[in-house]
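These are the residues of each chain, in order.
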Amino acid sequence: MIRKCLFPAAGYGTRFLPATKAMPKEMLPIVNKPLIQYAVEEARDAGLQNMAIVTGRGKRALEDHFDISYELEHQIRGTEKEKFLASTRELIETCTFAYTRQVEMKGLGHAILSGRPLIGDEPFAVVLADDLCLNLHGDGVLAQMIKLYKKFRCSIVAIQEVPRDQTHKYGVIAGDLISEGIYRVNTMVEKPAPEDAPSNMAIIGRYILTPDIFDLIADTQPGKGGEIQITDALMKQAKNGCVLAYKFDGLRFDCGSAEGYIDATNFCYEQLYLKGL
Ligand code: UTP
């Protein structure tokens, strides 16, 4: 079954400069927890224990975050503050963390291909930490997708309806509805202008991928923006076999944009932090 989760985290985060000049975007905190930790917790809650992180230059803080800090822990041992490290400590103790570097930032598809040595020949999940997904009333998004994978055994992308004038920011799908909230994809376009978009159903940062995707990415030429796009490889998979798109239960905040980041911060402060969750 699915054991591993890949976190492409090598992007430059240019929309968040200067904050991301020397610090990875994935370390930006939502209240008191960095985005990457929310992402790893979502994967752990979905039953995945092997975390595979694709990093790049200037991303060392990610590795340090999921490691013990002896000096700091010694300093706060026995004090009230010890509890603030408990959630990170638990992840370190219950999950494994493996890292590889994407040497040139040639797009999300290329970042996923860079993770191949960490994944091998098995189905896996992909989480983009800058898309913060929360479901306060049930399973997290990844857990929902893994349930679906058990039934259909093919690649799955999470989708969300977006306003028509936003389609140029996303991969957009069209497909046949096979049951409530589940589509069999037959078209997928990367960042289409509203007039060219096949629908308003946008792919967000959660995927389940079968391992044949790696060869498909390796055969994919750079597409939109000169980047190797995961949507182009997924389109080939959809044509040759099956890719599902799943409208998930829960909220999603685009924390790669200032507006989404502020919304996420306000939501988490009120719904999680103030309630001690
Ligand atoms: P984004 O499109 O948000 O790009 O990437 P970015 O570089 O992080 O941010 P901006 O647009 O410059 O502000 C989506 C996800 O894919 C990863 C990013 O780290 C992010 O999690 N990514 C993107 C890579 O790992 N490598 C790449 O070459 C591109």
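About the thresholds
- Residues numbered from 1 in each chain as written.
- Predicted model: local features only at pLDDT ≥ 70, side-chain atom pairs only at ≥ 80, totals over all residues.
- Heavy atoms only, no water.
- Near = heavy atom within 4 Å.
- Polar contact = N/O pair within 3.5 Å; in protein donor to acceptor, adjacent residues only side chain to side chain.
- Areas by Shrake-Rupley, 256 points an atom, 1.4 Å probe, with all protein chains shown as cover.
- 1 Å grid on protein atoms, 1.4 Å probe; cavity = no way out; pocket = protein on both sides within 12 Å on 5 of 7 lines; lining within 4 Å.
- Sits in = over half its atoms within 2 Å of the grid points.
- Nonpolar A, V, L, I, M, F, W, Y, C, P; charged D, E, K, R; others polar.
- Pairing = 2+ DSSP bridges.
- Helix = DSSP H or I, 4+ residues; strand = E, 2+ residues; numbered from the N terminus.
- Buried < 20%, exposed > 50% of the residue type's maximum accessible area, 1.4 Å probe, protein only.
- Lys, Arg positive; Asp, Glu negative; His and termini not counted.
- Salt bridge = Lys/Arg side-chain N within 4 Å of Asp/Glu carboxyl O.
- Contact = heavy atoms within 4.5 Å.
- Phe/Tyr/Trp six-rings, centres within 6.5 Å; stacked < 30°, edge-to-face > 60°.
- Lys NZ or Arg CZ within 6 Å of the ring centre and 35° of its normal.

Draft legend 1. The arrangement of the site of the ligand in detail. As a structural note, the neighbourhood of the ligand is formed by 18 residues, with T14, R15, K25, Q102 and G107 the closest of them. Between the ligand and the protein, one listed contact pairs an oxygen atom with a backbone N or O atom of G11 at 2.9 Å. In the model, an oxygen atom of the ligand is placed 3.4 Å from a nitrogen or oxygen of the K106 main chain. In isolation the ligand offers 570 Å² of accessible surface; the protein chains occlude 82% of this area. Because more than half of its atoms lie within 2 Å of the grid, the ligand is assigned to the largest pocket. Within the shell around the ligand, the residues separate by chemical class into eight nonpolar, five polar and five charged.

Draft legend 2. Structural view of the pairing of strand 9 (residues 171-179). Pairing of strand 9 with strand 10 (residues 182-190) involves eight bridges; the strand directions are antiparallel. Within the sheet, the bridge partner assigned to G171 lies in strand 10 and is E190. Between strand 9 and strand 10, which pair antiparallel one after the other, the connecting turn spans two residues, and G181 there sits at a positive phi close to 75°. Note: strand 9 against strand 11 (residues 201-209), two bridges, orientation antiparallel. Residue V172 lies in a different strand from strand 11, and its bridge partner there is A202.

Draft legend 3. Summary view of the side chain of D254. Structurally, D254 can be placed in strand 13 (residues 251-254). Among buried charged residues, D254 stands out as having no salt bridge; its nearest opposite-charge side chain is R15, 4.1 Å away. In terms of polar contacts, D254 uses its side chain to reach the backbone amide nitrogen of G256, at 3.0 Å. If we ignore the near neighbours within four places in the chain, the residues touching D254 are R15, D130, D131, G260 and Y261.

Draft legend 4. Here's a closer look at the environment of I53. The topology assignment puts I53 in strand 4 (residues 50-55). Among the residues examined, I53 registers a relative accessible area of 0% and is labelled buried. The residues touching I53, leaving out its near neighbours within four places in the chain, are F7, A9, I36, L62, F66, F97, A98, Y99, T100 and L118.

Draft legend 5. Here's a closer look at the packing of aromatic side chains. In this structure the tally under the stated criterion is five aromatic pairs. Taking the centre distance of 4.4 Å and the plane angle of 15° together, the rings of F66 and F97 count as stacked. With F66 in the loop between helix 2 (60-65) and helix 3 (70-76) and F97 in strand 5 (residues 96-101), this residue pair connects regions lying 31 residues apart in the sequence. A relative accessible area of 19% places F97 in the buried class. Above the ring of Y38, the side-chain terminus of K33 is found at 4.7 Å from the ring centroid. Positioned over the ring face of F84 is K83, at 4.8 Å from the centre of the ring.

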